[in-house]
Amino acid sequence: MRTHDDTKQWYLDAVNQTVDSRKECELDRDYYDNIQHTSEEISELNKRKQPPVTDNRIKPKTDTFIGTEINSRVDIKAFPRNPGDEQSGEAVTDALRYVADNSDFDQTKTDAAYNLCIEGTMAGIVEVEKTPKGFDVMPRHIPWDRFFIDPHSSRKDGKDAKFMGQAIWMDLEDAKELFPKADESLFSSDTDGTNEYGDTYDDKPKDLFFDNKRQRVKVIEMYYHSKGWKHTMFTGLGDLVPERDSPYLDEDGVPVNPIEMQSAFVDRNNNRYGPNRQLRSPQDEINKRKSKALHSFVLFSARVVFDRNKPCGRPGIARFERTHVVQASL
């Protein structure tokens, strides 16, 4: 049986061993969001009194990818496996379409597709939610900056992972309501030892002016394989849900992992990345070339002096110089 220290250490290993990879993925997201200059570059441009030049080619290309994926979607349909199973196929089709409509599955797919294109990894969890009318199957998207996986996993679909899960931030009062039997001391701190490994899993937004009476706590939900798939939830100080068999079963009644994930690419060090990674270098070239061209033009224009009261023996040169002075003033 695994202890809290074991599962917490697995989570810390997943965070610690992916620091550099996550920084690169965060840069991929920044480039999509039009944040394409370092603080040093912006400082240098400010000294020149020159605005940063950002000709974002990554965002429209990514949006085109997503638009193509959306336009390529087809209606959900289940086909009978054996002759005479047509009615069963139609019943399964109706059930799947109900789940998709009830959970707004199209939006879930779109959110996941953006993560796949930008950060390179998408994830979702298929849960069952109790309602007054019974139970509903609810597939939900897990944002990239909340999902973690065994760093030793090398498959794009993560089927070789020992564990995976998500970091969930919630208000303290909501956490106490969700886990009424948990010792309140487990919520006294959200410290889990990940601060030194980057800020990917920090609460969002950062540097927000808000009522400091609103306390937040990070809860880790993990599924891991140990003589079958297990489930646990914990904070940095202890278990909220002790180890138990995964409540989700396959057709044979065997506990399974309800999290599905996919990466676009995995390099030889198990670092996961998306197609936007290869666009960053051309994007830098475009921005720097245009910034350099603007800087050179301003320097050239500053050297041009035109005095209309001083006659010039070469009218052609006078007109050429005056044109550049006018352009610089614009």
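Parameters at a glance
Residues numbered from 1 in each chain as written. Predicted model: local features only at pLDDT ≥ 70, side-chain atom pairs only at ≥ 80, totals over all residues. Heavy atoms only, no water. Helix = DSSP H or I, 4+ residues; strand = E, 2+ residues; numbered from the N terminus. Buried < 20%, exposed > 50% of the residue type's maximum accessible area, 1.4 Å probe, protein only. Contact = heavy atoms within 4.5 Å. Areas by Shrake-Rupley, 256 points an atom, 1.4 Å probe, with all protein chains shown as cover. Pairing = 2+ DSSP bridges. Axes fitted to C-alpha atoms, helices over the stretch in contact; angles between N-to-C directions.

Undergrad: Describe the overall build of the protein, with residues and values.
TA: In terms of helices and strands, the protein carries nine helices and 10 strands. Burial statistics for the protein: of 330 residues in total, 37% are counted as buried. Relative to all contacts within the protein whose residues are 6 or more apart in sequence, the contacts with residues 24 or more apart total 65%. Summed over all atoms, the accessible surface of the protein reaches about 20,700 Å², with 51% contributed by carbon and sulfur.

Undergrad: So, the sheet that holds strand β5 (residues 216-225): which residues are in play, and what are the values?
TA: Taken together, five strands build an open sheet; the order of strands is β3-β4-β5-β6-β7 and the sheet is antiparallel. On the outer flanks of this sheet lie β3 (147-149) and β7 (239-245), each paired with one strand and no other. Neighbouring strand axes in the sheet, compared pairwise and without regard to direction, differ in orientation by 15 degrees on average. The pairing of β3 with strand β4 (residues 163-171) spans three bridges and is classified as antiparallel. Of the residues in β4, the one forming a bridge with Phe 147 is Gln 166.

Undergrad: Tell me about the sheet that holds strand β2 (residues 134-142), and please be specific about residues and values.
TA: Pairing within the open sheet is antiparallel, and its three strands lie in the order β2-β1-β8. Two strands in the sheet have a free side with no partner beyond their single neighbour: β2 and β8 (259-263). With direction set aside, neighbouring strand axes in the sheet form an average angle of 20 degrees. Taken together, the nine bridges between strand β1 (residues 121-131) and β2 define a ladder with antiparallel strand orientation. Bridge assignment links Glu 129 to a residue of β2, and that residue is Asp 136.

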